[in-house]
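Listed here are the chains, written in short residue letters.
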Amino acid sequence: MHCVSSKHSVMMVSFCQGALLLSLAAAMAVYADMKVDCGPDFVTLMWTESRPQADTSLLRLGSCFPTSFSASEAYFYVDLTDCNFRILVTGDALVYSNDLTYVASADSYNLAFTHPVVCAYERPKDWYSSQQIYDPVFKTYGLGDLQFNIGLMNDDFSGPAESTSFPLGSIIPIMASVVQKTHQPLLLLLEECVAATTPELHPESTMYPIISNKGCLLESVSSRSKFEPRQKSSEIRLSLQTFKFAMGEEVFIHCKLLAWDPNGLDSTKKACHFVKGHGWELLDNLAQSNLCDCCESKCKSRRQRSVVSEKHGMVQKAVIGPFTITDVNS
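Residues numbered from 1 in each chain as written. Predicted model: local features only at pLDDT ≥ 70, side-chain atom pairs only at ≥ 80, totals over all residues. Heavy atoms only, no water.

### As for the state of the cysteines
And then number 1: Inspection of every chain in the model, using the stated rule, returns 6 disulfides.
And then number 2: Through a disulfide, Cys-216 is tied to Cys-295; the S-S separation comes to 2.0 Å. Taking the torsion about the sulfur-sulfur bond, which here is approximately -80 degrees, the covalent link between Cys-216 and Cys-295 counts as left-handed. Of the two residues, Cys-216 is situated in strand E18 (residues 216-217) and Cys-295 in the loop between strand E23 (279-282) and strand E24 (313-326); the sequence distance between them amounts to 79 residues.
And then number 3: When its relative accessible area of 8% is taken as the criterion, Cys-295 is described as buried.
And then number 4: Across a sulfur-sulfur distance of 2.1 Å, Cys-294 and Cys-299 are joined as a disulfide pair. Around the S-S axis, the bridge from Cys-294 to Cys-299 shows a dihedral of about 95 degrees and counts as right-handed. Neither residue differs from the other here; Cys-294 and Cys-299 are each classed as buried.
And then number 5: Going through the chain in sequence order and numbering each bonded cysteine, the pairs you get are 1-4, 2-3, 5-7, 6-11, 8-9, 10-12. (Disulfide = S-S within 2.5 Å. Helix = DSSP H or I, 4+ residues; strand = E, 2+ residues; numbered from the N terminus. Buried < 20%, exposed > 50% of the residue type's maximum accessible area, 1.4 Å probe, protein only.)

### A closer look at unusual backbone geometry
And then number 1: Between Gly-321 and the following residue, Pro-322, the backbone shows a cis peptide bond with an omega angle of 10 degrees.
And then number 2: Here Pro-322 shows up in strand E24.
And then number 3: In this structure, Phe-157 takes a positive phi of about 65 degrees despite not being glycine.
And then number 4: You can see Phe-157 is positioned in the loop between strand E13 (146-152) and strand E14 (165-167).
And then number 5: We note that Asn-213 has phi near 55 degrees; this positive angle belongs to a residue other than glycine.

### Considerations on the nonpolar core
And then number 1: Membership of the largest hydrophobic core comes to 51 residues, with the highest contact counts inside it found for Ile-174, Leu-190, Ile-210, Phe-227, Ile-253 and Leu-257.
And then number 2: With 7 residues, the top contributor of residues to this core is strand E21 (residues 251-260).
And then number 3: Among the nonpolar cores identified, the runner-up in size contains 26 residues, and Leu-61, Val-78, Leu-94 and Val-117 belong to it. (Core = buried A, V, L, I, M, F, W, Y, C linked by side-chain atoms within 4.5 Å.)

### Quick notes on the pairing of strand E17 (residues 207-212)
And then number 1: In this structure, strand E16 (residues 187-196) lies alongside E17, joined through 4 bridges in antiparallel fashion. By the bridge assignment, Cys-193 is partnered in E17 with Ile-211.
And then number 2: Here E17 runs beside E18; their pairing, made up of 2 bridges, is antiparallel. In the strand pairing of E18, Ile-211 is matched with Leu-217.
And then number 3: Linking two consecutive strands that pair antiparallel, namely E17 and E18, is a turn of 3 residues; a positive phi of about 55 degrees is found at Asn-213 within it. (Pairing = 2+ DSSP bridges.)

### Observations regarding the side chain of Glu-235
And then number 1: By the element assignment, Glu-235 lies in strand E20 (residues 235-241).
And then number 2: Under the relative-accessibility criterion, Glu-235 is labelled buried at 9%.

### With respect to the pairing of E16
And then number 1: The element E16 is extensively covered by neighbouring structure, given that 9 of its 10 residues are classed as buried.
And then number 2: Relative to E21, E16 is paired through 9 bridges, and the arrangement is antiparallel. Residue pairing across strands places Ala-195 opposite Ile-253, the latter belonging to E21.

### Let's talk about the pattern of salt bridges
Two side chains with opposite charge may pair up if their charged atoms get near one another.
And then number 1: All told, the structure shown has 5 salt bridges when counted by the stated rule.
And then number 2: Between Glu-235 and Arg-237 there is a salt bridge, and its shortest N-O distance comes to 2.9 Å.
And then number 3: On the basis of relative accessible area, Arg-237 is assigned to the buried category, the value being 17%. (Salt bridge = Lys/Arg side-chain N within 4 Å of Asp/Glu carboxyl O.)

In structure tokens:
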């Protein structure tokens, strides 16, 4: 039995073997049919291709090649521990995600594409695993029909961090994303981030500002911290150089995530970092870096009112951690 059969640009959700599988159809899905089964510890995927001259051997599920393929079909039978599946551990769910990609050759008439594949399982109450380390480093938040994710990543942002201990001066890769269902395309921004020693912010909490002034990465002025080039508008990557704060103690990063209209950037809706020798630069359009000029003062909207609504976007508070910053000299 197949959990999902997706055609055209639709999202289908169904239950299978105790698993909830979500499949977001890519623009190219109109030319194909995809069927996915979420097994207890494996995934099977059948891709039936109808585009002329498409080469099904060029399909990849994460890092895995097709188990078998023909002129019109590609079949994958893979373990969840293979193919670079990403795992998110939330309070009541284990979520495995990957990407089905088509790597078009240079002389191909068929365009490359990426198609998300996600299997979400109910998390058993007595579930324990060596992967439990991922529990505090990647969090998922739902807001309306948007799902926000934020977490600590490994060095190349291909999966969750393998450790929650970072030596002073090292880089902490952080990635946030928003999954859109019925919304128009949205741009994800980090409006504010502060480090603290508590999982909840209180007036007496010891805090260290990282991003403030509506999207200005303060840490980039005096360190190697920077926003990484975007891979997609709904995702933002931050390379944060560790700083001297609460050494050896548990640290949490509290952020405000903003999903916004890509065409509505202004001095209060932006992602800016300081580049040595150039000054403040706008991540998404260098030609509009003047939007970052206020990072040295107070960033205010030119509009009389700046209201975050479903029409333009949504704000979600999120917390990363705990993790520790260690002194290599101690």
